[in-house]
There are 2 protein chains.
Amino acid sequence: MEIKVLQKVLAANDRVANENRSMFGSNKTLVINLMSSPGSGKTTLLDRTIDALKGEFKIAVIEGDIQTTMDAERLARHGVQIVQINTAPIGGDCHLDASMINSAAQDLSLDGLDIVFVENVGNLVCPAEFELGEDFKTVLLSVTEGEDKPLKYPLMFQVCNWAVVSKTDLLSVLDYDMDKMREHIKQVNPKLEVFELSARSGAGFDAWLNRIREAVRAKKNA
Amino acid sequence: MEIKVLQKVLAANDRVANENRSMFGSNKTLVINLMSSPGSGKTTLLDRTIDALKGEFKIAVIEGDIQTTMDAERLARHGVQIVQINTAPIGGDCHLDASMINSAAQDLSLDGLDIVFVENVGNLVCPAEFELGEDFKTVLLSVTEGEDKPLKYPLMFQVCNWAVVSKTDLLSVLDYDMDKMREHIKQVNPKLEVFELSARSGAGFDAWLNRIREAVRAKKNA
């Protein structure tokens, strides 16, 4: 019974996700969905990424939170378009869905827009189930969270295209086994492209930025 | 429509949670529900807590994960009773609910049992909505996750009795403002009892253990 309801919800969501995909696709706008647990560093990653790319590309952010506009305020200094989605007034959902993205897009000027970053609600479980119509699903995992997360939350790692292992500046003070993490990721999803970086120090950031540049180019030529 | 379904689910859950409360209550067993994002340190906290208290009390653990038995295996060395709940075969739920606890309790020997620790699925959102019939709801938040989480995920902090600010051994390498965190917690739930500790170094651990000892005594005398 409960599963039936869930399937209907997901089917309805997929329909709207396809509409989003057509809308962004006909505009050649690349859409990147960032997902992770609370506190893995999604906003800090975005902050540095936008800072590095805003001179090259026209960027917008769709910011998802249960409540507050704190993250949107942090990113406002870049002068890019930002739409905040708060899920608290619409049921307190622990994830974004396709219709929220569709509504948010109505508030964006799509003209010449190269990239939309979607910052999902902090949650390593539920957002994995909801297609938004994005080009790349990205999971962040900070090194402080341990190496076992791909095995314990496999769906997120299975649906994603990119994984960002964040906060690598803290490696020297942690008992963290990066090889084990890589092995766990490979076990769950061998196709996942992995970026190990620190948004604080900038280490590993170039590979991440270049991958985004390549994806923008591919989208323009699609 | 969707909200109606949710209310029915929650009402059914509350009924079973009350049954659990009676069952554990008549047995004078203290039940502590540990909730947090993935990687905040629930298992590490439990590991050190059980190690310190297993000589004084008869302890059991109900271990919740979407899949894997990795956490249960980590705790097995203490020789306490452990029941693993994997939610993947029953829909992949991102939280434990009262009926899962009720089923798990059937596999526990309650005779003389002083404490049941429940380690919930790693998720700072959904587990907050489900009563399990516990005495104390505890939220863990590691200092690597930032000071803004109480404001962004307020329900979890509102429903909890205790908060554990974990991984304080990392404070020296982080830009973390503990006063701001305390202020945010106070804003969301002024009654929350806060424990700042490191399960790695042991700093702050005595206050946490003593609070549990006090709760066990209170339960025996209830």
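Each value, and the rule that gives it
- Residues numbered from 1 in each chain as written.
- Chains lettered and ligands numbered in written order.
- Predicted model: local features only at pLDDT ≥ 70, side-chain atom pairs only at ≥ 80, totals over all residues.
- Heavy atoms only, no water.
- Helix = DSSP H or I, 4+ residues; strand = E, 2+ residues; numbered from the N terminus.
- Salt bridge = Lys/Arg side-chain N within 4 Å of Asp/Glu carboxyl O.
- Contact = heavy atoms within 4.5 Å.
- Polar contact = N/O pair within 3.5 Å; in protein donor to acceptor, adjacent residues only side chain to side chain.
- pLDDT = per-residue confidence, 0-100.
- Expected span 1.5 Å × (residues − 1).
- Buried < 20%, exposed > 50% of the residue type's maximum accessible area, 1.4 Å probe, protein only.
- Arc of directions from axis to C-beta.
- Phe/Tyr/Trp six-rings, centres within 6.5 Å; stacked < 30°, edge-to-face > 60°.
- Pairing = 2+ DSSP bridges.
- Least-squares fit on C-alpha atoms with pLDDT ≥ 70 in both.

Draft legend 1. Main features of unusual backbone geometry. Residue and element names in this part refer to chain B. We note that lysine 28 has phi near 60 degrees; this positive angle belongs to a residue other than glycine. Along the polypeptide, lysine 28 turns up in the loop between helix 1 (2-26) and strand 1 (30-35). A positive phi angle, close to 60 degrees, is found at lysine 167, a residue other than glycine. Structurally, the position occupied by lysine 167 is in the loop between strand 6 (162-166) and helix 7 (178-188).

Draft legend 2. Representation of the pattern of salt bridges. On inspection of all chains with the given rule, the structure shows 35 salt bridges over all chains. Of the charged contacts in the structure, one is a salt bridge between Arg77(A) and Asp47(A), with a shortest N-O distance of 3.1 Å. Here Asp47(A) lies in helix 2 (residues 42-53) and Arg77(A) lies in the loop between helix 3 (70-75) and strand 3 (81-86), a separation of 30 residues in the sequence. Counted as one network, the salt bridges with shared partners bring together Asp65(A), Asp71(A), Asp148(B), Lys149(B) and Lys152(B).

Draft legend 3. Here's a closer look at the interface of chain A and chain B. Facing the 30 residues of chain A at the interface are 30 residues of chain B. Linking chain A to chain B there are six salt bridges. Notably, a salt bridge pairs Asp65(B) with Lys152(A), separated by 3.4 Å at the nearest N-O pair. In this assembly, chain A and chain B are joined by 13 residue pairs in polar contact (both at pLDDT 80 or more). The set of elements that each furnish at least two residues to the side of chain A that touches chain B consists of helix 3 and helix 5 (149-152) of chain A. The leading source of residues in the side of chain A that touches chain B is helix 5 of chain A, at three residues.

Draft legend 4. Up close: the confidence of the model for chain A. Mean pLDDT over chain A: 93, with 96% of residues reaching 70 or higher. Confidence estimates for the predicted assembly give a pTM of 0.86 and an ipTM of 0.79.

Draft legend 5. Representation of helix 8 (residues 205-220) of chain B. All names here are of chain B. The end-to-end C-alpha distance of helix 8, which contains 16 residues, comes to 23 Å, matching closely the 22 Å that a straight helix rising 1.5 Å per residue would cover. Among the residues making up helix 8, those that are buried are Phe205, Trp208, Leu209, Arg211, Ile212, Ala215, Val216 and Lys219. Looking down the long axis of helix 8, one finds its buried residues gathered within 155 degrees of arc, a one-sided arrangement. Residues Asp206 and Arg217 are exposed on helix 8 and point more than 90 degrees away from its buried face.

Draft legend 6. The packing of aromatic side chains, seen in detail. In this structure the tally under the stated criterion is eight aromatic pairs over all chains. Seen in terms of ring centroids, Trp162(A) and Phe195(A) are 6.1 Å apart; in terms of plane orientation they differ by 75 degrees. Their pairing is edge-to-face. Separated by 33 residues along the polypeptide, Trp162(A) in strand 6 (residues 162-166) and Phe195(A) in strand 7 (residues 193-196) bring together distant segments of the chain. For the pair Trp162(A) and Phe195(A), a shared accessibility class is recorded, and that class is buried. Here the aromatic rings of Trp162(B) and Trp208(B) are separated by 5.7 Å at their centres, their planes lie at 80 degrees, and the arrangement is edge-to-face. With Trp162(B) in strand 6 and Trp208(B) in helix 8, this residue pair connects regions lying 46 residues apart in the sequence. For the pair Trp162(B) and Trp208(B), a shared accessibility class is recorded, and that class is buried.

Draft legend 7. Seen up close, the pairing of strand 5 (residues 136-142) of chain B. All names here are of chain B. For strand 5, the buried fraction is high: seven of the seven residues fall into the buried class. Sheet topology places strand 1 next to strand 5; four bridges connect them, and they run parallel. Within strand 5, the residue paired with leucine 34 across the bridge is threonine 138. The pairing of strand 5 with strand 6 spans five bridges and is classified as parallel. Residue valine 139 lies in a different strand from strand 6, and its bridge partner there is alanine 163.

Draft legend 8. Local environment of the relation of the copies chain A and chain B. Least-squares fitting of chain A to chain B yields an RMSD of 0.0 Å, with the superposition described by an axial translation of 0.0 Å and a rotation of 180 degrees. Expressed as a symmetry operation, the mapping of one chain copy onto the other fits a two-fold axis. Here 100% of the interface residues in chain A have copies in chain B that are interface residues too; the copies meet face to matching face.

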